[in-house]
Amino acid sequence: MERLVINGGNLLKGSVDINGAKNAAVAILPAAIMASEGKCTIDNIPDIEDVHCLERILRDLGCDIIKIDNNTLEIDSTNVNKFDANTDDVRRMRASYYFIGALLSRFKEARVLLPGGCPIGVRPIDQHIKGFEALGADVIIEHGAVKVKADKLVGANVFFDVVSVGATINVMIAATLAEGVTVLENVAKEPHVVDVANFLNSMGANIKGAGTDVIRVTGVESLKGCAYSVVPDQIEAGTFMIAAAATGGDVYVRNVIPKHLESISAKLIEMGATVEEGDDCVRVTADKPLKAVNIKTTPYPGFPTDVQQPMSTLLSIVPGRSLITESIWENRHKHIDELKKMGANIKVEGRVAIIDGAEKLTGAIVKATDLRAGAAMVIAGLIAEGTTEITSIEHIDRGYPHIENKFRALGADIKRIKVDEE
Ligand code: EPZ
């Protein structure tokens, strides 16, 4: 077991390079299994536990993988002949559900154990199933697995009942090798949705409209390998931007697409921080007192739910009352109890966190209750008086590459320690 130990109080200064997006990479890797000839060489893959999990699943399904470096994989899916994703890794993570769409698309059949992931609310997959069925697949759930099978997949119109990142990507993947045209409406527009569409197009797919409300997929017969680079991580970038503002620092967040960060930049500016945009960089400075603000999470281009928890840490020390309304997940305020152990003054009523800014946070032993909660606790440790120890950091390792090294390079006093048991 490992913990992060942080001695708070240091300003963050300098620059940090953002890695490729977790939520793009975890869809692109399963989608690589659809190439029936050639190899996919994918770079800018974040070196995180969710990616390591997917690598193992791909190997189990018969892919040959060469690790070129920590951020680049060469995947040869030519010899895949197993359609049953049934290892513990599949159950451990959310994104393993992309194997349903990818295997269904290429082989017209799949069996995939139901996915796990962060405990942030009920995480149904009814919209994925609705899309697969519209394309002509039979879908059953039995013995904890999703089984899909089709004689052939035929393009269809699918209007999603909710805006879902996962369902948009999964049904888009499945439709890629269907006969004819599929029109997906009320889709998610997140940068990672666009990135997966770009990756599929690089393999030979014909997908138009990703990033708008309607995606049109014209089925092609087969896909082949390609070279691709994963889009920068909007959420990792947002986390560092918030940490910079929280410590009153001056940080260049590099290797980003500033457009993807606009909702976060706008909120920081509304609070009184300065955000300067360069071509592939944002500089965040906060040298005067910040103001309380209200935030409501919504699908892209709105304020991302995945940045809400780090933002609650920043707001916990901003004078006045801030409200955070979480509209995507019903259970994404669990980290608030941990922040309270450090002196935060926050009440949760349903989906709303009512934050009355405290004068300071003080170090304590706290838990990373999920991935972004973990990031929130790291930022809390950075601004707290004294020492903070964060437990259950395996959640953080699932989605943030080498988080302690990146913060240490910015001047934080943070280290990883081993402990015998939690
Ligand atoms: C993705 O989850 C991300 N995960 C999440 O990031 C992120 O919070 C979420 O999108 C929203 O942006 C990955 O990409 C692996 P959804 P996903 O389908 O696809 C409801 C992180 O911290 N819904 O967009 O599972 C659902 O209950 C993680 O990196 C249905 O009702 O989310 C939720 O209320 C956590 N039926 C809303 O839609 C469905 O079939 C959005 O979920 C699917 C979803």
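Residues numbered from 1 in each chain as written. Predicted model: local features only at pLDDT ≥ 70, side-chain atom pairs only at ≥ 80, totals over all residues. Heavy atoms only, no water.

Enquirer: Please provide a residue-by-residue account of the site of the ligand, values included.
Expert: The ligand sits among 25 residues. The nearest are Ser164, Val165, Asp306, Ile328 and Arg372. In this structure, an oxygen atom belonging to the ligand sits 3.2 Å away from a side-chain N or O atom of Asn23. Pro124 is positioned with one of its backbone polar atoms (N or O) 3.3 Å from an oxygen atom of the ligand. Relative to its unbound accessible surface of 820 Å², the ligand loses 90% to contact with the protein. Those elements that provide at least two residues to the shell around the ligand are helix H1 (22–31), helix H5 (126–134), helix H6 (165–176), helix H10 (305–315) and helix H12 (371–383). Of the residues that constitute the shell around the ligand, the class distribution is twelve nonpolar, six polar and seven charged. (Near = heavy atom within 4 Å. Polar contact = N/O pair within 3.5 Å; in protein donor to acceptor, adjacent residues only side chain to side chain. Areas by Shrake-Rupley, 256 points an atom, 1.4 Å probe, with all protein chains shown as cover. Helix = DSSP H or I, 4+ residues; strand = E, 2+ residues; numbered from the N terminus. Nonpolar A, V, L, I, M, F, W, Y, C, P; charged D, E, K, R; others polar.)

Enquirer: Please set out the UniProt feature "binding site: phosphoenolpyruvate" (unreviewed entry) in the protein chain residue by residue, giving values where relevant.
Expert: When the UniProt feature table is mapped onto this chain numbering, "binding site: phosphoenolpyruvate" (unreviewed entry) sits at Lys22 and Asn23. Note that Lys22 resides in helix H1. Exposure remark for Lys22: the relative accessible area of 9% places this residue in the buried category. Other than its neighbours up to four places away in sequence, Lys22 contacts Pro46, Ile48, Asp50, Asp233, Leu371, Arg372, Arg398 and Gly399. A distance of 2.7 Å separates the side chain of Lys22 from the side chain of Asn23, its partner in a polar contact. (UniProt positions renumbered as here; feature names shortened; annotations may be inferred. Buried < 20%, exposed > 50% of the residue type's maximum accessible area, 1.4 Å probe, protein only. Contact = heavy atoms within 4.5 Å.)

Enquirer: Could you give an account of the nonpolar core, with specific residues and numbers?
Expert: Ranked by internal contacts, the top residues of the largest apolar core, which has 83 residues, are Ile33, Met34, Ile42, Phe199 and Leu200. Excluding residues that lie within four positions of it along the chain, Leu200 makes contacts with Ala31, Met34, Met172, Ile173, Thr176, Ala205, Ile207 and Leu223. If you look at the next biggest cluster of nonpolar residues, it comprises 65 residues, including Ala237, Val253, Val318 and Ala368. (Core = buried A, V, L, I, M, F, W, Y, C linked by side-chain atoms within 4.5 Å.)

Enquirer: Residue-level account of unusual backbone geometry, with values.
Expert: Residue Pro301 is bonded to the preceding Tyr300 through a cis peptide linkage, with omega at 15°. Along the chain, Pro301 falls in the loop between strand E20 (294–296) and H10.

Enquirer: Tell me about the sheet that holds strand E11 (residues 157–159), residues and numbers included.
Expert: Strand order in the open sheet formed by four strands is E11-E12-E14-E13, with mixed pairing between adjacent strands. Two strands in the sheet have a free side with no partner beyond their single neighbour: E11 and strand E13 (206–208). For this sheet, the mean inter-axis angle between neighbouring strands, taken without regard to orientation, is 15°. Note: E13 against strand E14 (residues 214–218), three bridges, orientation antiparallel. Pairing of Lys208 across the sheet is with Arg216, part of E14. (Pairing = 2+ DSSP bridges. Axes fitted to C-alpha atoms, helices over the stretch in contact; angles between N-to-C directions.)

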